[in-house]
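Coordinate inspection notes
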Amino acid sequence: MSVIVTLRAPNIRNYFTFRSYSTMEWTLPKLVKRILPPLDGTLHKGQAGRIGIVGGSLEYTGAPYFAGISALKVGADLVHIFCSTPAASVIKSYSPELIVHPLLDQPNAIDKITPWLERLHVLVIGPGLGREIDTFTVVSQLIKLIGVKQIPLIIDADGLFLITEKPELLENFSSPVILTPNKIEFERLYNKLSTSAGLAELGKNVTILRKGQTDELLCYHSNLQWKINTGGSGRRCGGQGDILSGSIATFLHWAINSSNKIEIGVNVDKMLLLSSLSCFAAAKLVRLCNEKAFKAKGRSMLAVDMIEYIHESFQELYEN
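- Under an unreviewed UniProt entry, the name given to the protein is ATP-dependent (S)-NAD(P)H-hydrate dehydratase, and the organism recorded is Danaus chrysippus.
- According to its UniProt record, the protein has this under Cofactor (unreviewed entry): "Mg(2+)".
- One UniProt comment on the protein, placed under Function (unreviewed entry), says "Catalyzes the dehydration of the S-form of NAD(P)HX at the expense of ATP, which is converted to ADP. Together with NAD(P)HX epimerase, which catalyzes the epimerization of the S- and R-forms, the enzyme allows the repair of both epimers of NAD(P)HX, a damaged form of NAD(P)H that is a result of enzymatic or heat-dependent hydration."

1. What to know about helix H3 (residues 85-94)
- What H3 keeps buried is the set Ala87, Ala88 and Ile91. Mapping the buried residues of H3 onto a view down its axis gives an arc of 110 degrees, with all of them on the same face. Facing away from the buried side of H3, by more than 90 degrees, are the exposed residues Ser89 and Ser93.

2. A closer look at the state of the cysteines
- Throughout the structure, instances matching the rule amount to zero disulfides.
- Considering cysteine sulfurs only, cysteine 279 is the nearest to cysteine 219, which forms no disulfide, with 9.4 Å between them.
- Owing to a relative accessible area of 12%, cysteine 219 belongs among the buried residues under this scheme.

3. Remarks on the UniProt feature "binding site: (6S)-NADPHX" (unreviewed entry) in the protein
- What UniProt calls "binding site: (6S)-NADPHX" (unreviewed entry) maps, in this numbering, to Gly128, Asn182, Lys183, Ile184, Glu185, Phe186, Glu187, Arg188 and Asp242.
- Note on placement: glutamate 187 falls in helix H7 (residues 183-192).
- Residue class for glutamate 187 comes out partly exposed when judged on its relative accessible area of 36%.

4. Quick look at the packing of helix H9 (residues 270-297) against helix H11 (residues 310-318)
- Following both chains from N to C, one finds H9 and H11 inclined at 125 degrees, their axes separated by 9 Å at the closest point. In this view, H9 runs oblique relative to H11, as classed from their interaxial angle. Once H9 is placed against H11, the crossing between them reads as right-handed. Between H9 and H11, the residues in contact are Phe280, Ala281, Lys284, Leu285, Leu288, Cys289 and Lys292 and Ile310, Glu312, Ser313, Phe314, Glu316, Leu317 and Tyr318, respectively.
- Counted by class, the contact of H9 with H11 contains nine nonpolar, one polar and four charged residues.

5. Section: the pattern of salt bridges
- Applying the stated criterion to the full structure yields 10 salt bridges.
- Between arginine 131 and aspartate 158 there is a salt bridge, and its shortest N-O distance comes to 3.0 Å. Within this pair, whereas arginine 131 is found in the loop between strand S6 (122-125) and helix H5 (133-149), its partner aspartate 158 is found in helix H6 (residues 158-165), the two being separated by 27 residues in sequence.
- Residue classification places aspartate 158 among the buried positions, given a relative accessible area of 12%.
- Among the ionic pairs, aspartate 215 bridges to arginine 287, the shortest N-O distance being 3.1 Å. Of this pair, aspartate 215 sits in strand S10 (residues 215-219) while arginine 287 is found in helix H9, placing the two residues 72 residues apart along the sequence. The residues aspartate 215 and arginine 287 share a single accessibility class, namely buried.
- Through salt bridges that share partners, Lys292, Glu312 and Glu316 make up one connected network.

Reading guide: rules and limits
- Residues numbered from 1 in each chain as written.
- Predicted model: local features only at pLDDT ≥ 70, side-chain atom pairs only at ≥ 80, totals over all residues.
- Heavy atoms only, no water.
- UniProt positions renumbered as here; feature names shortened; annotations may be inferred.
- Buried < 20%, exposed > 50% of the residue type's maximum accessible area, 1.4 Å probe, protein only.
- Helix = DSSP H or I, 4+ residues; strand = E, 2+ residues; numbered from the N terminus.
- Arc of directions from axis to C-beta.
- Disulfide = S-S within 2.5 Å.
- Axes fitted to C-alpha atoms, helices over the stretch in contact; angles between N-to-C directions.
- Parallel < 35°, antiparallel > 145°, perpendicular 65-115°, else oblique.
- Left-handed = near helix turned anticlockwise from the far one by under 90°.
- Contact = heavy atoms within 4.5 Å.
- Nonpolar A, V, L, I, M, F, W, Y, C, P; charged D, E, K, R; others polar.
- Salt bridge = Lys/Arg side-chain N within 4 Å of Asp/Glu carboxyl O.

As structure tokens, this is what we get:
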């Protein structure tokens, strides 16, 4: 299985072509291998990733679970889920591995969530969030606080709906922001940003991973953009996007932690490079999980079946 990723570089023949599983010095899968934390006993609990998931409501409890458990299965050490009160017990019942905080609908929610932010390496906002006005008010305040604290942020699902309504929330972010829209979410966002600046209006530190039959990465520097259409299947079950967002979170922490090991020989913004690499690593992984689960279950495939293939797919892609 081969992937061709084109990174456009204006000063060197306009582009580089990277072929995965080739003998070329710079390939994205090889760069992923450079960021993997060692399993030799030298790290203490938490160093491989403390991830926060903001989401989970009365109607939607599965999405934050899928995002959180995927972050753990990829290799994060701890996952904290910040949800509304009705969702907490349900999410806890799915897995004892998840640390669940029923705070989103509590009085003074921001004051109660803020102390936890200091412990988290990356935050994911959106899985199962719902669209209650009160919830969006709290999350809007939270996004502003995340920007001040310069915590890397991934936004998916209903979090994208909020950003589409209030794109100004991402103004002045200096830490990485990754948006993961599907086709409809992307079109809604694109139509909202009708100025001549288009998607660039969101900010120079924002990376967009447009999901679909072909996954496509878009960012301020066109030389970091790529497309992937290998793997995957025709089955579009709920939860796949949540698996992706949780996986990106873990890879993003690893990439930032290993930023000194990541170079491509082109002068680009390092944080955008790390965001691009993290999205590639997670997209490749999730597409392979989808392919394997579909071969085993066909039309009966569910997101939970994909999770069972994370270990096998990870080894095949990045540990061989």
